[in-house]
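These are the residues of each chain, in order.
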Amino acid sequence: MQGASPHAAAKNGYTPLHITAKKNQLDIARHLLEYSARTDAESKAGYTPLHLAAQEGHADMTNLLLRYGADLNAKAKNGLAPAHLCAQDDRVGVAAILSSNGADLDAETKAGYTPLHVASHFGSLAMVRFLLEQVSCSRVLLAHITFVL
């Protein structure tokens, strides 16, 4: 008898890991990952479990997926990265995790929108502040490095 596959996908492309990431079911996600569930599995729209965790603001799930090798700059078919999705609803905690792990906070969608555009559109003031501070710090650091070299 063969066990269930952690890679099984529904018609929308969601795997069990997509569902647990969206619902923040950490214990189930750990079991799925121990059975080699793929953090890079894409839904029909190109969303990974990390996209869903970021969108819902699940910091612990985001950390878990990153520990198992999730691509923090993965883009869905429309070009949205996890940073865009957490920018919609002031999910600053998740944005900070993504940023500290090297996420591109200036990533552009196919239409040219960055997470700052998204945060501005959705009225996510805390996220706008966070993104402006991150980009400003990055530019100051880059200017300093360039000057030193």
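Residues numbered from 1 in each chain as written. Predicted model: local features only at pLDDT ≥ 70, side-chain atom pairs only at ≥ 80, totals over all residues. Heavy atoms only, no water.

Asks: Provide a residue-level description of the nonpolar core, including the pertinent values.
Replies: Of all hydrophobic cores here, the largest spans 31 residues; its most connected members are Leu17, Leu50, Met61, Leu65, Cys86, Leu98 and Met127. Taken together, the elements giving at least two residues each to this core come down to helix H1 (16–23), helix H2 (26–34), helix H3 (49–56), helix H4 (59–67), helix H5 (82–87), helix H6 (92–100), helix H7 (115–121) and helix H8 (125–148). (Core = buried A, V, L, I, M, F, W, Y, C linked by side-chain atoms within 4.5 Å. Buried < 20%, exposed > 50% of the residue type's maximum accessible area, 1.4 Å probe, protein only. Helix = DSSP H or I, 4+ residues; strand = E, 2+ residues; numbered from the N terminus.)

Asks: Got a sec to walk through the confidence of the model for the protein chain? Specific residues and values, please.
Replies: Put simply, the protein chain has an average pLDDT of 90, and 89% of its residues get 70 or more. Contacts for the low-pLDDT stretch residues 137–149, under 50 throughout, to residues beyond four places or in other chains number 1 contact. (pLDDT = per-residue confidence, 0-100. Contact = heavy atoms within 4.5 Å.)

Asks: Which residues make up the environment of Ala45, and what values go with them?
Replies: Its place among the elements puts Ala45 in the loop between H2 and H3. Take Ala45: its relative accessible area is 34%, and that puts it in the partly exposed class. With 32 residues separating them in the primary sequence, Ala45 and Gly13 have C-alpha atoms 8.0 Å apart. Residues contacting Ala45, with those up to four places away along its chain left out, are Ala76 and Lys77.

Asks: Quick one: what's the story with H6, residue by residue and with numbers?
Replies: For H6, the set of buried residues is Val94, Ala95, Ile97 and Leu98. Across the axial projection of H6, the buried residues extend over an arc of 160 degrees, all falling on one side. Positive phi appears at Gly102, one or two residues downstream of H6, with a value of about 100 degrees. (Arc of directions from axis to C-beta.)

Asks: Describe in detail the pattern of salt bridges, supporting the description with residues and values.
Replies: In the structure shown here, the tally under the stated rule is 3 salt bridges. With a closest N to O distance of 3.2 Å, Arg38 and Asp40 form a salt bridge. (Salt bridge = Lys/Arg side-chain N within 4 Å of Asp/Glu carboxyl O.)

Asks: Report on the packing of H1 against H3, specifying residues and quantitative values.
Replies: Between H1 and H3, whose axes approach to 7 Å, the crossing angle comes to 15 degrees. The angle between H1 and H3 places the two elements in the roughly parallel class. Every pair of crossing elements has a handedness; the one defined by H1 and H3 is right-handed. Within the contact between the two elements, H1 uses Leu17, His18, Ala21 and Lys22 and H3 uses Pro49, Leu52, Ala53 and Glu56. Per-class residue counts for the contact of H1 with H3 are 5 nonpolar, 1 polar and 2 charged. (Axes fitted to C-alpha atoms, helices over the stretch in contact; angles between N-to-C directions. Parallel < 35°, antiparallel > 145°, perpendicular 65-115°, else oblique. Left-handed = near helix turned anticlockwise from the far one by under 90°. Nonpolar A, V, L, I, M, F, W, Y, C, P; charged D, E, K, R; others polar.)

Asks: Break down the side chain of Thr48 for me, with residues and values.
Replies: With respect to the helices, strands and loops of the structure, Thr48 is situated in the loop between H2 and H3. Residues within four places of Thr48 in sequence aside, it is in contact with His18, Thr39, Asp40, Ala41, Glu42 and Ala74.

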